[in-house]
Every structure is written in structure tokens, then in C-alpha cells.
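# Topology and contacts: notes
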Amino acid sequence: MALPPVAWHALVAFVVLNAVVLLVTYVTLLERKFAARMQSRIGPYYVGRPHGWLQPIADALKLMIKEDIVPAAADRGVYNLAPVVFLVPCMLIFATIPFAPGLGVADLNIGVLFFLAVSSLEIVGLFMGGWGSNNKYALLSAMRAVNQIISYDLPFVFAALVPVLLAGSLQMSAIVDAQQGLAFVFYPVLGQLAFVAYLVATLAAENRVPFDILEAESELVAGFRVEYSGMKFALIQLGEYAHMLGTSFLGALLFLGGWLGPGPAWLGPFWFLGKALLIFLIVTWVRWSFVRIRVDQILAISWKLLLPATLVLLLATGLVVATRGAGGV
Amino acid sequence: MSGYVPVFIFAVLIIAFGVVSLVVARLLRPGRPGVVKLTNYECGAEPIGSAWVQFPVGFYLVALVFIVFDALAVFLFPWALVLRSAGLAAFWVMAVFVAIIGLGWLYAYREGILEWK
């Protein structure tokens, strides 16, 4: 049966969307189990024995039937719109990620650029939420968030450009193909430095510990989403984890060789998922091991260290690529 | 541009997902508002005044420095694509450009703009 192209695109997009939502829901369980292990706890256990495999579903259902409280002083339009505005860029980043050759929504020839551009749009929804709540904690958190995200956006872009330079393409599939011989993380010196810079910038761009000043529980309660409850809270949470997972996928694709790995071709997506989850677990590991640092320290790390360092690294990569010409890795 | 049709469809589906889940939740959830329940959360204290305040000027300074480097990033993308074929000449052009921006960074550093106060 031949489907018209638009129907086919819609079907693929629908499947990818559901897969991402399911994956994101279960990644929260993974994080909780992982965190529990690190703290010698068991974590979710009783909802869906063994090991709480139904816990994410129970959470989703519970959030759905929770009462939704809109503060009387809030700017209702902005407040109600913010969760959806926040969700869209966080999920849309999955549009250009191919999960295996030809298996994805769209393998754009400017895939990486699209990803980076869309992913930084999340601050619009975030700030709308913080401002619309008319809550002092929420607004302070939103201000800090914008400040921090734009500060770390640049090292993030520069670190992501290193594999782009090595591959000579912005297309996701071409970048993976360029890593046939050697994943970029194993590229002497440049690869490892860029990967570390990418991880640090990821932590900050996701607002994860040790860079989570915008939701510092001890001073700002829950940050910009303090006034959100019920399904709106669930959408924001979903968006946040989707963003984190999307960045992990991008890191796995840029540095760890995406779906390349030993074994038959159908193992490709599983390799890719495994590598992305590895990056996600590194981020989680850092989250449960380090303490939060101050605002001025966060900004100093970005502007005085990471930004010049990634720029120099990018130029060094450029020098290597320009001298060696069209020779590949 | 036809490559962007799937992306557009994906975006529409995401919005639909968000709106549908909000509507379903609206049908399922209870709604019992009250005066105290609808006040802003401030750890139990009554909020004084509005939260909408003026921003400290430090945020604007960070944003201004960001724009300078963001403009640099715009030029880096096409440069990264053609560098392999354009060779060393293209590298030196970008190196000089980055050096000029670097002078700006140094100025901002010396003026203390990168310090958070």
C-alpha cells in the first residue's frame, strides 16, 4: 500500500513523538533508580513489582487528575501558554535526529544548526512561565535561567562545532558516516577536550546540578515552575527531560558515533540509545555527586574559561582540518 | 524546502499533544478554588506587592556580550562547512576575525563586565 508522502511523514512523526514521550517517561524512572543506588536506597519499588516499572505511568495519571491552581495574581494568558511554548522546542529538537540510517523525522542538511537553534528557544517558554506566575521566586529563577542559558549557549555551540568541522557537514547522518573509522571522541586531544566541554555546557544548558541555581531548592523552592501544578507541571517536566535526553542523543551522535557499533545493522538504534543513555547517566552521576555553585562562579566558568577555551579549541581543529585537507579523520 | 514538511508536521503534533493532554486533564481533574489557595506561594507568608520588578543592569551587560559572540557563531557555521575545501586561507581569515572579537572579550574582561556583582 502506497501512502501519500504527507500521510507517511505524519505517521513517522507520530511514531517518533510517542517513542520520545515514552522514552522520556521511563528515563525519569532510570534516573530515580540510579539516584537511589547512589544513595543506598531502593527507589520506586511497589508500583509495578518488581522495581516499580509502572511508576512513570502512575505519576503521569496522578498529575493528570491533580487540581490545577492558577494564582489569582498571575498573568493568565502568559501563564497558561508557557507550558506548551516550553514543550515545543524541547521536543522539536528530536525532529532532526536520525535514530538509524533513514529512521527519523527529517535528516535536514542543516541538522545540527536546527538542533542548536531550536534548543535555545526553550528560554522563551521558561521566561514566560517565570514572568506569568507573578511569583518572586519564579521571576528570580527565570532571570537567572536566561542569564545562565545564554552564557552557556556559546560554549555549547562551539563544542558542538568541533565534530562538525571534523566531518565537514551539518547533516546528522553525514557526521555519523564520517565516524566510520574512529568516533570523534577518540580523535587525539581535540576530541576528548571537545567532549568534556560539551558535557559541561550540557549540564549548564539543562540547568542540572552543579549549575541548577535557577531551581535551587533551598532559596528558590522549585524555580520558575513553583506555581505550576497538575498537567501543566507535567508538561514542563516532560519538556525538561526531553531536552536533556535530546542533548544526550546529540552528544552520542556527534562524539560517540551514533548508531555505529559491532553487530548486525538492526542493532544500530539500540547502540545509539545505549550511547545516549550513557551520556544521560554521566549527567545524572554528576547531579548526585556535586554541590551547587554560586551565580558568579557559574558565570565566571562560562565567560572566563569555557568560552575562550572552546573558541581556541575550535580554531585548533580548524587548523588541523585546513592543513590536512580532504583527508578524513 | 520540502525537507521541512516533516518538521512542520512534527511541530504541529507536539502542539496537539500538549493541548490535548491539557484538555483531557481539564475534564478529569477537580476544581475547587479558594481565596487562600489562589494566592501566590511564598512559603506561607502573604506576598507583599507585585513580583514584576525592574531587572538588575548586570543581566543586560551579559546579554550584550552574548550578542557579540552570537554574531561570531553565525559566521562560524558556514566557515566550518567549507573549511576543508577552502584550505588555510579561510582558516587565517577566521583566525583574524576571532582575534578581533577576542580583543573585545579582553576589553570586557578588563572593564569587569564579566564579573557578576
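Every value quoted in this text rests on a predicted model; they were computed, and no experiment measured them.

Rules of the game
Residues numbered from 1 in each chain as written. Chains lettered and ligands numbered in written order. Predicted model: local features only at pLDDT ≥ 70, side-chain atom pairs only at ≥ 80, totals over all residues. Helix = DSSP H or I, 4+ residues; strand = E, 2+ residues; numbered from the N terminus. Rg over C-alpha atoms; globule rule 2.2 N^0.38 Å. Buried ≥ 20, exposed ≤ 12 C-beta atoms within 10 Å, placed from the backbone. Contact = placed C-beta atoms within 7 Å. Core = buried A, V, L, I, M, F, W, Y, C linked by C-beta atoms within 7 Å. Axes fitted to C-alpha atoms, helices over the stretch in contact; angles between N-to-C directions. Parallel < 35°, antiparallel > 145°, perpendicular 65-115°, else oblique. Nonpolar A, V, L, I, M, F, W, Y, C, P; charged D, E, K, R; others polar. Expected span 1.5 Å × (residues − 1). pLDDT = per-residue confidence, 0-100. Left-handed = near helix turned anticlockwise from the far one by under 90°.

## What to know about the overall build of chain B
A tally of helices and strands in chain B yields 3 helices and 0 strands. For chain B, the succession of helices and strands along the chain, N to C, is α-α-α. Against the globule reference of 13 Å for 117 residues, chain B gives a C-alpha radius of gyration of 25 Å, more extended than a compact globule. Along the first, second and third principal axes, the C-alpha set of chain B runs to 70 × 50 × 15 Å. Counting all 117 residues of chain B, 17% fall into the buried class.

## Regarding the overall build of chain A
Counting its regular elements, chain A contains 12 helices and 0 strands. The order of helices and strands in chain A, counted from the N terminus, is α-α-α-α-α-α-α-α-α-α-α-α. Relative to a compact globule of 329 residues, whose C-alpha radius of gyration would be 20 Å, chain A shows 20 Å and is just as compact. Along the longest, intermediate and shortest principal axes, the C-alpha atoms of chain A span 65 × 55 × 45 Å. Counting the 329 residues in chain A, one finds 53% classified as buried. Counting only contacts in chain A whose residues sit at least 6 apart along the sequence, the fraction spanning at least 24 positions is 77%.

## Some remarks on the nonpolar core
Residue and element names in this part refer to chain A. Membership of the largest hydrophobic core comes to 126 residues, with the highest contact counts inside it found for Ala-142, Ala-160, Leu-161 and Ala-201. Sorting elements by how many residues they give to this core places helix H6 (residues 136-167) first, with 23 residues. Setting aside anything within four residues of it in sequence, one finds Ala-160 in contact with Val-112, Leu-116, Tyr-198 and Leu-254.

## Section: the packing of helix H8 (residues 190-205) of chain A against helix H10 (residues 230-255) of chain A
Residue and element names in this part refer to chain A. It is at 11 Å that the axes of H8 and H10 come closest, and there the two elements cross at 175 degrees. Taken together, H8 and H10 sit at an angle that is classed as roughly antiparallel. Of H10, the residues touching H8 (which contributes Gly-191, Phe-195, Tyr-198, Thr-202 and Ala-205) are Thr-247, Gly-251 and Phe-255. Across the contact of H8 with H10, the residue classes tally to 4 nonpolar, 4 polar and no charged.

## Regarding the environment of Pro-188 of chain A
Residues and elements named next belong to chain A. Examined against the element boundaries, Pro-188 turns out to sit in the loop between helix H7 (172-177) and H8. Assessed through the 9 C-beta atoms surrounding it within 10 Å, Pro-188 is described here as exposed. Residues Pro-188 and Tyr-152, spaced 36 residues apart in sequence, show a C-alpha to C-alpha distance of 25 Å.

## Some points on H10 of chain A
Structurally, the α-helix is built with 3.6 residues per turn, so residues lying three or four positions apart point the same way. Compared with the 38 Å implied by 1.5 Å per residue over 26 residues, the 38 Å span of H10 of chain A between its first and last C-alpha is a close match. Burial runs high along H10 of chain A: 24 of the 26 residues are buried.

## Let's talk about the interface of chain B and chain A
Residue-level contacts link 55 residues of chain B with 64 residues of chain A. Those elements that place two or more of their residues in the side of chain B that touches chain A are helix H1 (5-28), helix H2 (57-86) and helix H3 (88-111) of chain B. Looking at the side of chain B that touches chain A residue by residue, the classes come out as 41 nonpolar, 9 polar and 5 charged.

## A look at the confidence of the model for chain B
All names here are of chain B. On average, residues of chain B carry a pLDDT of 84, and 97% of them reach 70 or more. Confidence, read as mean pLDDT per element, is least for H2 in chain B (86) and greatest for H3 (89). Across the interface, the model reports ipTM at 0.84; the global pTM reads 0.89.

## Things to note about the environment of Pro-262 of chain A
By the element assignment, Pro-262 of chain A lies in the loop between H10 and helix H11 (268-287). Along the primary structure Pro-262 of chain A and Val-176 of chain A are separated by 86 residues, whereas in three dimensions their C-alpha atoms are 14 Å apart.

## Thoughts on unusual backbone geometry
Residue and element names in this part refer to chain A. Within the chain, His-51 stands out as a residue other than glycine whose phi angle is a positive 65 degrees. Along the chain, His-51 falls in the loop between helix H1 (5-38) and helix H2 (55-64). Phi at Asn-134 takes a positive value of approximately 55 degrees, unusual for a residue other than glycine. Structurally, Asn-134 is set in the loop between helix H5 (122-132) and H6. Residue Asn-134 is classed as buried on the basis of its C-beta count, with 21 C-beta atoms lying within 10 Å.

## So, the packing of H10 of chain A against H11 of chain A
Residue and element names in this part refer to chain A. In the contact formed by H10 and H11, the axes pass within 8 Å of each other and the chain directions differ by 120 degrees. With respect to H11, the axis of H10 lies oblique. In the packing of H10 onto H11, the handedness of the crossing is right-handed. Each of Met-244, Leu-245, Ser-248, Phe-249, Gly-251 and Ala-252 in H10 lies in contact with H11, whose residues at this interface are Phe-272, Lys-275, Ala-276, Ile-279, Phe-280 and Val-283. Of the residues assigned to the contact of H10 with H11, the class counts are 9 nonpolar, 2 polar and 1 charged.

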